[in-house]
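Inside the fold
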Amino acid sequence: METLYHQTNKQIHEVQCLMGNLEKTDRQSVHLLENELQARTDQIFNHLERLEILASKEPPNRRQNAKLRVDQLKYDVQHLRTGLQHFQHRRYTREAQEREREELLSRTFTTNDADTSIPIDETLQLNSNLHNANRNMDDLIDSGSNTLNGLRDQRSALKVTHKKMLDVANMLGLSNTVMRLIERRATQDKFIMIGGMLLTCVFMFLVIRYLG
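What counts, and where the lines are drawn
- Residues numbered from 1 in each chain as written.
- Predicted model: local features only at pLDDT ≥ 70, side-chain atom pairs only at ≥ 80, totals over all residues.
- Heavy atoms only, no water.
- Core = buried A, V, L, I, M, F, W, Y, C linked by side-chain atoms within 4.5 Å.
- Buried < 20%, exposed > 50% of the residue type's maximum accessible area, 1.4 Å probe, protein only.
- Helix = DSSP H or I, 4+ residues; strand = E, 2+ residues; numbered from the N terminus.
- Phe/Tyr/Trp six-rings, centres within 6.5 Å; stacked < 30°, edge-to-face > 60°.
- Lys NZ or Arg CZ within 6 Å of the ring centre and 35° of its normal.
- Axes fitted to C-alpha atoms, helices over the stretch in contact; angles between N-to-C directions.
- Parallel < 35°, antiparallel > 145°, perpendicular 65-115°, else oblique.
- Left-handed = near helix turned anticlockwise from the far one by under 90°.
- Contact = heavy atoms within 4.5 Å.
- Nonpolar A, V, L, I, M, F, W, Y, C, P; charged D, E, K, R; others polar.
- Expected span 1.5 Å × (residues − 1).

1. Examining the nonpolar core
Ranked by internal contacts, the top residues of the largest apolar core, which has 23 residues, are M19, L22, L37, L48 and L51. At the level of secondary structure, the elements contributing two or more residues to this core comprise α1 (2-19), α2 (30-56) and α3 (60-106). With nine residues, the top contributor of residues to this core is α2.

Put into structure tokens, the structure is as follows:
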């Protein structure tokens, strides 16, 4: 197992070094490097499957540590694969935008008796506005996601505060009426938070529905 482990770890470091060359590789050769990285990561995953089997056969006193080492290698190579996929997505998007721009610049707009010509500048401006709208949509979605996360955090804080208040109330021997009032207020706060989350979701849906 040790030999295969060190061999796999070495391959992961080699892939990391090659990943650093992606941004510096010219457009004509970058897909070749991507294919090589994909092939190497696939080979590493095959080695990891073998390592998992070997780790399960280790003596009991060494088995847990062996599995942890294999899991660390799996995490590292999965991180590399995700980075490669993100790079490819950015490249595909960038190339698609460049093709659209070239098509717009090379397109010939003609007129007939009933129509008027479409200035190329206006078409490019429309394309730019569409890209800006997409970016604004992403910003709105991110803002809505942050709001939902904030509401979830507030809910957790309310739960902790509620528990502390109940503990203090028990220590001070408050009456059952006061205890019920505290619980009622906590329930009201929970409904307010849920209502805020629903309103945020509805807002995000309307934005995506009518501006997307």
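There's plenty left to go through after this.
2. Some points on the packing of aromatic side chains
On inspection of all chains with the given rule, the structure shows zero aromatic pairs. Its guanidinium or amino end placed over the ring of Y5, R69 lies 4.0 Å from that ring's centre, counting from NZ or CZ.

3. Examining the packing of α1 against α2
Across the interface, α1 lies against α2 with an axial gap of 10 Å and an inter-helix angle of 155°. In this view, α1 runs roughly antiparallel relative to α2, as classed from their interaxial angle. At the point where α1 passes α2, the crossing takes the left-handed sense. For the pair α1 and α2, contact is made by L4, Y5, Q7, T8, Q11, I12, E14, V15, L18 and M19 and by L33, E36, L37, R40, T41, Q43, I44, H47, L48, R50, L51 and L54, respectively. Its residues placed into classes, the contact of α1 with α2 shows twelve nonpolar, six polar and four charged.

4. Here's the deal with α2
In a regular helix each residue adds 1.5 Å, so 27 residues correspond to 39 Å; α2 covers 39 Å between its end C-alpha atoms and thus fits that length. Among all positions of α2, only V30, L33, E34, L37, T41, I44, F45, H47, L48, L51, L54 and A55 are buried. Structurally, α2 contributes buried residues whose contacts are with α1 and α3.

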